[in-house]
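# Structural description and commentary
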Amino acid sequence: MTRQGGLVLYSRTGCHLCEDAEAALTQLGTPFERTDISGDAELEARYGWDVPVLVRGDVVLAKGVINARRLRQVLAK
């Protein structure tokens, strides 16, 4: 589950959009925790085909295509 106030990137192995989101977070120097949803029935049901999904606390900040430009927008809020 998510850490209080921390960013969590829900993703799955082999997902190119997930890899792009990770690269953008790393490029911006934004600390995050990566959680692979594969094999976790609850997370699969919650996020399924929406990955990557970036969450802070219990709030979904972004999902799908997550690049550096979009990250700057959602993290500025």
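Structural notes, computed from the coordinates. Computed from a predicted structure; not experimentally measured.

## Details of the pattern of salt bridges
Within the structure shown, the criterion is met by 5 salt bridges. A salt bridge links Arg34 to Asp36, with the nearest nitrogen and oxygen atoms 3.9 Å apart. In this structure Asp36 comes out as partly exposed when scored by relative accessible area, which is 26%. The closest approach of N and O atoms between Arg46 and Glu42, which form a salt bridge, is 2.6 Å. Of the two residues, Arg46 and Glu42 both sit in helix H2 (residues 41-47), 4 residues apart, roughly one turn of that helix. Salt bridges linked by common partners bring Glu22, Arg34 and Asp36 together as one network.

## Structural notes on helix H1 (residues 16-27)
Relative to the 16 Å expected for 12 residues at 1.5 Å per residue, H1 spans 16 Å between its end C-alpha atoms, a close match to the ideal helical length. Buried within H1 are the following residues: Cys18, Ala21, Ala24 and Leu25. Here the buried residues of H1 occupy an arc of 125 degrees about the axis, which is enough to place them on one side. In H1, the exposed residues that point more than 90 degrees away from the buried face are His16, Thr26 and Gln27. Just past H1, the residue Gly29 takes up positive phi, approximately 70 degrees.

## Considerations on the packing of aromatic side chains
Applying the stated criterion to the full structure yields 1 aromatic pair. Relative to Tyr47, the ring of Tyr10 lies with its centre 4.5 Å away and its plane at 20 degrees, an arrangement referred to as stacked. In this pair, Tyr10 sits in strand E1 (residues 7-11) while Tyr47 sits in helix H2, placing the two residues 37 residues apart along the sequence. Residue Tyr10 is classed as buried on the basis of its relative accessible area, which comes to 1%. Judged by its relative accessible area of 9%, Tyr47 falls in the buried class. Seen from the ring of Trp49, Arg12 lies directly overhead, with NZ or CZ sitting 5.2 Å from the centre.

## Considering the pairing of E1
Counting buried residues along E1, 5 of its 5 residues qualify, which places the element largely inside the surrounding structure. Relative to strand E3 (residues 53-56), E1 runs antiparallel, the two sharing 4 bridges. Along E3, the bridge assignment pairs Tyr10 with Val53. Judged from the 4 bridges that link them, E1 and strand E2 (residues 33-36) form a sheet pairing that is parallel. Bridge pairing links Ser11 to Asp36 in E2. In this fold, the crossover linking E1 to E2 by way of H1 has right-handed handedness.

Basis of the calculations
- Residues numbered from 1 in each chain as written.
- Predicted model: local features only at pLDDT ≥ 70, side-chain atom pairs only at ≥ 80, totals over all residues.
- Heavy atoms only, no water.
- Salt bridge = Lys/Arg side-chain N within 4 Å of Asp/Glu carboxyl O.
- Buried < 20%, exposed > 50% of the residue type's maximum accessible area, 1.4 Å probe, protein only.
- Helix = DSSP H or I, 4+ residues; strand = E, 2+ residues; numbered from the N terminus.
- Expected span 1.5 Å × (residues − 1).
- Arc of directions from axis to C-beta.
- Phe/Tyr/Trp six-rings, centres within 6.5 Å; stacked < 30°, edge-to-face > 60°.
- Lys NZ or Arg CZ within 6 Å of the ring centre and 35° of its normal.
- Pairing = 2+ DSSP bridges.
- Right-handed = clockwise from strand over helix to strand, strands pointing away.

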